[in-house]
Amino acid sequence: MAEKKFSGPVEGLDPVALAADYESAASFEKLRVGKMAVYYRDGFRVKAVPYAKMERAFIRVQEVRGRMCCGQATFAYFRPVFLVGGKENAEYMSEDEKAMDAALAKLHELAPEVPVGVEKN
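In this text, all values refer to a predicted model and were calculated from it rather than measured experimentally.

## So, the pattern of salt bridges
In this structure the tally under the stated criterion is 4 salt bridges. Across the pair Arg45 and Asp42 runs a salt bridge, and its minimum N-O distance is 3.7 Å. Where Arg60 meets Glu88, a salt bridge forms, and the shortest distance between an N and an O atom there is 2.9 Å. Of this pair, Arg60 sits in strand β6 (residues 56–68) while Glu88 sits in strand β8 (residues 87–89), and the two are 28 residues apart along the sequence. The class for Arg60 is partly exposed, based on a relative accessible area of 35%.

See the structure below:
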């Protein structure tokens, strides 16, 4: 069986342990929250964001105004954002706010050392 490969800041981590964590991770739509990292599809690859390298996690709400034949409508998309090395890792987009809130709650449960939510000044 071929070894599963992950992209993202996974250098120095055991790929076998990451693959086992990925398989046992809780699933929220296509976002997976494991004991070692958060996983999501990025094109043809699976991106892993380990908690040990994560500085903060939050959800960004993106509103899109759509024009239709009978008027306008606003659609909301929820994007989980993971800060690593001062840069944002956020390539996953969902329309299900409850699923993304549950994923962030699970992340906070498994990795309480990672700050969750926006930073308050």
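On we go from here.
## Structural notes on empty space enclosed by the protein
Scanning the entire structure with this criterion turns up 1 cavity of 30 Å³ or more. Roughly 40 Å³ of internal volume is contained in the largest cavity. Ranked by the residues each element gives to the lining of the largest cavity, the list is headed by helix α2 (residues 97–110), at 4 residues. In terms of residue class, the lining of the largest cavity is built from 9 nonpolar, no polar and no charged.

## Considering unusual backbone geometry
Although it is not a glycine, Glu29 adopts a positive phi angle of roughly 55°. Residue placement: Glu29 occurs in the loop between β2 (26–28) and β3 (31–33).

## Overview of the sheet that holds strand β5 (residues 45–50)
If you walk across this open sheet you meet the 5 strands as β1-β5-β4-β3-β2, and the pairing is mixed. What marks the edges here is a single partner per strand, and that holds for β1 (6–7) and β2. Sheet topology note: the β3/strand β4 (residues 37–42) ladder contains 2 bridges and is antiparallel. The residue bridging Val33 from the neighbouring strand is Val38, located in β4.

## Examining the sheet that holds β8
The strand order β6-β7-β8 describes an open sheet built from 3 strands, whose pairing is antiparallel. Two strands in the sheet have a free side with no partner beyond their single neighbour: β6 and β8. Across this sheet, the average inter-strand angle for adjacent strands is 40°, counted without regard to direction. In the sheet, β6 pairs with strand β7 (residues 71–84) via 13 bridges, with the strands oriented antiparallel. Bridging from a neighbouring strand, Glu63 pairs with Ala76 of β7. Of the strands in this sheet, β6 and β7 are in contact with α2, which crosses β6 at around 170°.

The rules behind each value
- Residues numbered from 1 in each chain as written.
- Predicted model: local features only at pLDDT ≥ 70, side-chain atom pairs only at ≥ 80, totals over all residues.
- Heavy atoms only, no water.
- Salt bridge = Lys/Arg side-chain N within 4 Å of Asp/Glu carboxyl O.
- Helix = DSSP H or I, 4+ residues; strand = E, 2+ residues; numbered from the N terminus.
- Buried < 20%, exposed > 50% of the residue type's maximum accessible area, 1.4 Å probe, protein only.
- 1 Å grid on protein atoms, 1.4 Å probe; cavity = no way out; pocket = protein on both sides within 12 Å on 5 of 7 lines; lining within 4 Å.
- Points joined across faces, edges and corners; volume = space filled by probe spheres on them.
- Nonpolar A, V, L, I, M, F, W, Y, C, P; charged D, E, K, R; others polar.
- Pairing = 2+ DSSP bridges.
- Axes fitted to C-alpha atoms, helices over the stretch in contact; angles between N-to-C directions.
- Contact = heavy atoms within 4.5 Å.

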